[in-house]
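In case you want the letters, here they are:
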Amino acid sequence: MARGFPPGFHGMGCHPGPHGEDVADFIMWKMDRHVKDLNLNEAQKKEYERIKEETRAGIAGAIEKRKEFHGSCKQE
């Protein structure tokens with residue numbers, strides 16, 4: 001490994017990992033993993049679900065903006 005980067009990092013031009021819509025699933029998975037240890041009550045679980053939906057919507061919006069930006073960069 002070169003300077004702590006995974007094999008193939010330099011040849012790909014970017015790091016491996018979740019991209020596009022997969023990033024939302026990854027973030028939700030990480031959130032769920034940490035929240036399950038909190039033993040939330042029903043009201044807290046409802047609020048957490050609301051926060052998750054808000055987060056997922058924000059990520060979806062960011063992905064769309066990113067796609068639009070990349071499209072305009074390719075056109076230029």
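Above this note sits the structure.
Residues numbered from 1 in each chain as written. Predicted model: local features only at pLDDT ≥ 70, side-chain atom pairs only at ≥ 80, totals over all residues. Heavy atoms only, no water.

Peer 1: Sorry if this is basic, but what is going on with the overall build of the chain here?
Peer 2: From N to C terminus, the chain includes three helices and zero strands. Split into buried and exposed, the 76 residues of the chain put 11% on the buried side. A total of about 6,400 Å² of accessible surface is found on the chain, and carbon and sulfur atoms cover 57% of it. (Helix = DSSP H or I, 4+ residues; strand = E, 2+ residues; numbered from the N terminus. Buried < 20%, exposed > 50% of the residue type's maximum accessible area, 1.4 Å probe, protein only. Areas by Shrake-Rupley, 256 points an atom, 1.4 Å probe, with all protein chains shown as cover.)

Peer 1: Looking at this model, I keep getting lost on helix 2 (residues 22-35). Mind explaining?
Peer 2: Helical geometry note: an α-helix holds 3.6 residues per turn, so side chains three or four residues apart project in the same direction. With 14 residues, helix 2 should cover 20 Å at 1.5 Å per step; its first-to-last C-alpha distance of 20 Å lies within 8% of that length. Its buried side turned inward, helix 2 meets helix 3 (42-75). (Expected span 1.5 Å × (residues − 1). Contact = heavy atoms within 4.5 Å.)

Peer 1: Which parts of the structure should I look at to understand the packing of helix 2 against helix 3?
Peer 2: How two helices sit against one another is set out by the angle between their axes and by the gap between those axes. The contact between helix 2 and helix 3 brings their axes to 10 Å, and the two run at 155 degrees. Judged by the angle between their axes, helix 2 and helix 3 are roughly antiparallel. Seen along the crossing, helix 2 lies across helix 3 with a hand that is right-handed. Where helix 2 approaches helix 3, its residues Val23, Ala24, Asp25, Ile27, Met28, Met31, Asp32 and Val35 are matched on the opposing element by Tyr48, Ile51, Lys52, Thr55, Arg56, Ile59 and Ile63. A per-class count over the contact of helix 2 with helix 3 returns ten nonpolar, one polar and four charged. (Axes fitted to C-alpha atoms, helices over the stretch in contact; angles between N-to-C directions. Parallel < 35°, antiparallel > 145°, perpendicular 65-115°, else oblique. Left-handed = near helix turned anticlockwise from the far one by under 90°. Nonpolar A, V, L, I, M, F, W, Y, C, P; charged D, E, K, R; others polar.)

Peer 1: Please explain the environment of Thr55 as it appears in this structure.
Peer 2: Positionally, Thr55 belongs in helix 3. In sequence terms Thr55 and Met28 are 27 residues apart; their C-alpha atoms lie 8.5 Å from each other. In contact with Thr55, other than residues within four places in its own chain, are Met28 and Met31.

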